[in-house]
Amino acid sequence: MSDQIDFDKLTEAVPFLRLFAREEVEELMALGDLYQVAKGTALYEQGDIPKGLFILVGGAVTTRRDVGRGDYVELMLLQRGGVVGATSMLKNAPCSEAAVVTEDALVLHFPAARLNEMRVARAPLAYRLLRALAPVVERQAAETVKRVRDIFSRPDRYREHFEKLGGAHGGLG
Amino acid sequence: MTSDDPVDWLERVPQLGGLSRREIAVLADFCEVRREKTGKIITRQGERCTSAMLLVEGRVACVTAAASGAPVGLFAIEALALLGTLHPWAIKTAPFTLQTLRPSVLLVFPQAEIAALEETSSPVSFRALDFLYQEVARSVDRFSVAYGRLYRYPEVTLQKMEQAS
């Protein structure tokens, strides 16, 4: 009974897991680690080898990209139920952004090594996981795409920001 | 290459190098070859997304529309790269216009075919989808890099804004 409650609570907090059958969630849980992460901690840094998949059971995380000279741009703000690390996990290449905890978080972490073992073995669960992650990543990309598009479709909202930034950088490059 | 057989093009994809010609043929059933001349608009911003396209030869510009309606070039995409979207519920309409900068060859995977491939549980479909998902992730990187550059070079961004206004 308590298992039932835990399962329900978990899938309520993490809608992503609803894509899986109960047995698959149990199998995934056996692969993952659930732990607390304090505000300000980086789950991974830009350039890190993939650390795996992080599912936010509570708290908040921002993903950001270093653009040089100490500046960075925020790509996404994720809250309970959000998934980070999926892009580097899918492409199996260094992280192209950092993920930093902005509110004390409870994360369900699936280490890359464990997931990669399953992937190499072409385990059905790995296949299901990758299949579930692809649309998540596509939706997250849509958020970044929207920001790029908005700069030009609504220039008045951004012009002041860029003029200020241009001055701070003192020129091109 | 002049072939219109997807098998011939898929065989040239390094990431699919481990697949036999027979396995490649299974994957080829889910796509078709599309050839485009320079200047052809492949996808127009705001149109419904219905397919993912693997650019296997050529070069494509990613273009957005300014408030004035004028086109703003964002970046160029070289082969090999995935364009469009795999899943209709993920991104419903094309976020940007894609236009060929030189004669290009695309392997078109209609979303319905992707769904069919996802339902096919076999080592071939696993390998093929793993490859397509990796390309999805790389295309995400392209946009986050573009977004970062727009911030990193504010003068360029302002110049683009001026040109489009």
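Residues numbered from 1 in each chain as written. Chains lettered and ligands numbered in written order. Predicted model: local features only at pLDDT ≥ 70, side-chain atom pairs only at ≥ 80, totals over all residues. Heavy atoms only, no water.

## Describing the overall build of chain B
Then, number 1: The number of helices and strands found in chain B is five helices and eight strands.
Then, number 2: When the helices and strands of chain B are read in sequence order from the N terminus, they spell out α-α-β-β-β-β-β-β-β-β-α-α-α.
Then, number 3: In terms of C-alpha radius of gyration, chain B reaches 17 Å, essentially the compact-globule figure of 15 Å for 165 residues.
Then, number 4: Projecting the C-alpha coordinates of chain B onto the three principal axes gives extents of approximately 55 × 30 × 25 Å. (Helix = DSSP H or I, 4+ residues; strand = E, 2+ residues; numbered from the N terminus. Rg over C-alpha atoms; globule rule 2.2 N^0.38 Å.)

## Regarding the overall build of chain A
Then, number 1: When you go through chain A residue by residue, the secondary structure sums to six helices and six strands.
Then, number 2: In sequence order, chain A lays out its α and β elements as α-α-β-β-β-β-β-α-β-α-α-α.
Then, number 3: The dimensions of chain A, computed from C-alpha atoms along their principal axes, are 60 × 30 × 30 Å.
Then, number 4: A burial count over chain A gives 52% of its 173 residues as buried.
Then, number 5: Within chain A, counting contacts between residues at least 6 apart in sequence, those at least 24 apart form 74% of the total.
Then, number 6: As displayed, chain A offers around 8200 Å² of accessible surface, 51% of which is attributable to carbon and sulfur atoms.
Then, number 7: Taking the average location of the 23 positive side-chain charges in chain A and that of its 24 negative ones, the two points are 5 Å from each other. (Buried < 20%, exposed > 50% of the residue type's maximum accessible area, 1.4 Å probe, protein only. Contact = heavy atoms within 4.5 Å. Areas by Shrake-Rupley, 256 points an atom, 1.4 Å probe, with all protein chains shown as cover. Lys, Arg positive; Asp, Glu negative; His and termini not counted. Charge placed at Lys NZ, Arg CZ, Asp CG, Glu CD.)

## What to know about the packing of aromatic side chains
All names here are of chain A.
Then, number 1: This structure, assessed with the given rule, holds five aromatic pairs over all chains.
Then, number 2: Considering the side-chain rings of Y44 and F54, the 6.0 Å spacing of their centres and the 35 degrees angle between planes classify their relative orientation as tilted. With Y44 in strand β2 (residues 42–44) and F54 in strand β3 (residues 52–68), this residue pair connects regions lying 10 residues apart in the sequence. Note on accessibility: Y44 and F54 belong to one class, buried. (Phe/Tyr/Trp six-rings, centres within 6.5 Å; stacked < 30°, edge-to-face > 60°.)

## Some remarks on the packing of helix α4 (residues 112–120) of chain A against helix α5 (residues 124–153) of chain A
Residues and elements named next belong to chain A.
Then, number 1: Remark: α4 packs on α5, axes separated minimally by 7 Å, with the N-to-C direction vectors making an angle of 110 degrees. When the axis of α4 is compared with that of α5, the two are roughly perpendicular. Once α4 is placed against α5, the crossing between them reads as left-handed. Residue-level contacts link L115, M118 and R119 of α4 to L125, A126, L129 and L130 of α5. (Axes fitted to C-alpha atoms, helices over the stretch in contact; angles between N-to-C directions. Parallel < 35°, antiparallel > 145°, perpendicular 65-115°, else oblique. Left-handed = near helix turned anticlockwise from the far one by under 90°.)

## What to know about the sheet that holds strand β4 (residues 59–65) of chain B
Two pairing modes exist for strands in a sheet, parallel and antiparallel, and in both the strands are linked by backbone hydrogen bonds.
Residues and elements named next belong to chain B.
Then, number 1: Here four strands make up an open sheet; going across it, the order is β2-β7-β4-β5 and the pairing antiparallel. Either end of the sheet is taken by a strand with one partner, and the two such strands are β2 (41–43) and β5 (71–78). Strand-to-strand, the axes of this sheet are offset by a mean angle of 30 degrees, without reference to chain direction.
Then, number 2: Bridging between β4 and strand β7 (residues 97–100) involves four bridges; their strand directions are antiparallel. Note that in β7 the partner of C62 across the bridge is L98. (Pairing = 2+ DSSP bridges.)

## Some thoughts on the interface of chain B and chain A
When the parts of a complex come together, some accessible area is lost, and that lost area is often taken as the interface size.
Then, number 1: Counting from both sides, the interface comprises 50 residues of chain B and, opposite them, 45 residues of chain A.
Then, number 2: Summed over both partners, the interface of chain B with chain A buries about 4500 Å², with 69% contributed by carbon and sulfur atoms.
Then, number 3: Contact with chain A buries surface across chain B, with F126, Y147 and Y151 of chain B losing the most and accounting together for 17% of the total.
Then, number 4: The interface formed by chain B and chain A contains three salt bridges.
Then, number 5: Notably, a salt bridge pairs K91 of chain A with D141 of chain B, separated by 2.2 Å at the nearest N-O pair.
Then, number 6: The interface formed by chain B and chain A contains 10 residue pairs in polar contact (both at pLDDT 80 or more).
Then, number 7: When residues of the side of chain B that touches chain A are traced back to their parent elements, those giving at least two are β4, β5, α3 (111–119), α4 (123–152) and α5 (154–164) of chain B.
Then, number 8: Top contributing element to the side of chain B that touches chain A by residue count: α4 of chain B, with 21 residues. (Buried area = accessible area lost by both parts, 1.4 Å probe. Salt bridge = Lys/Arg side-chain N within 4 Å of Asp/Glu carboxyl O. Polar contact = N/O pair within 3.5 Å; in protein donor to acceptor, adjacent residues only side chain to side chain.)

## Quick notes on the confidence of the model for chain B
Residue and element names in this part refer to chain B.
Then, number 1: For chain B, the average pLDDT comes to 90, and 100% of its residues sit at 70 or higher.
Then, number 2: α5 is the least confidently modelled element of chain B, averaging 79 in pLDDT, while strand β1 (residues 32–36) averages 97, the highest of any element.
Then, number 3: As scored by the predictor, the complex reaches a pTM of 0.87 and an ipTM of 0.83. (pLDDT = per-residue confidence, 0-100.)

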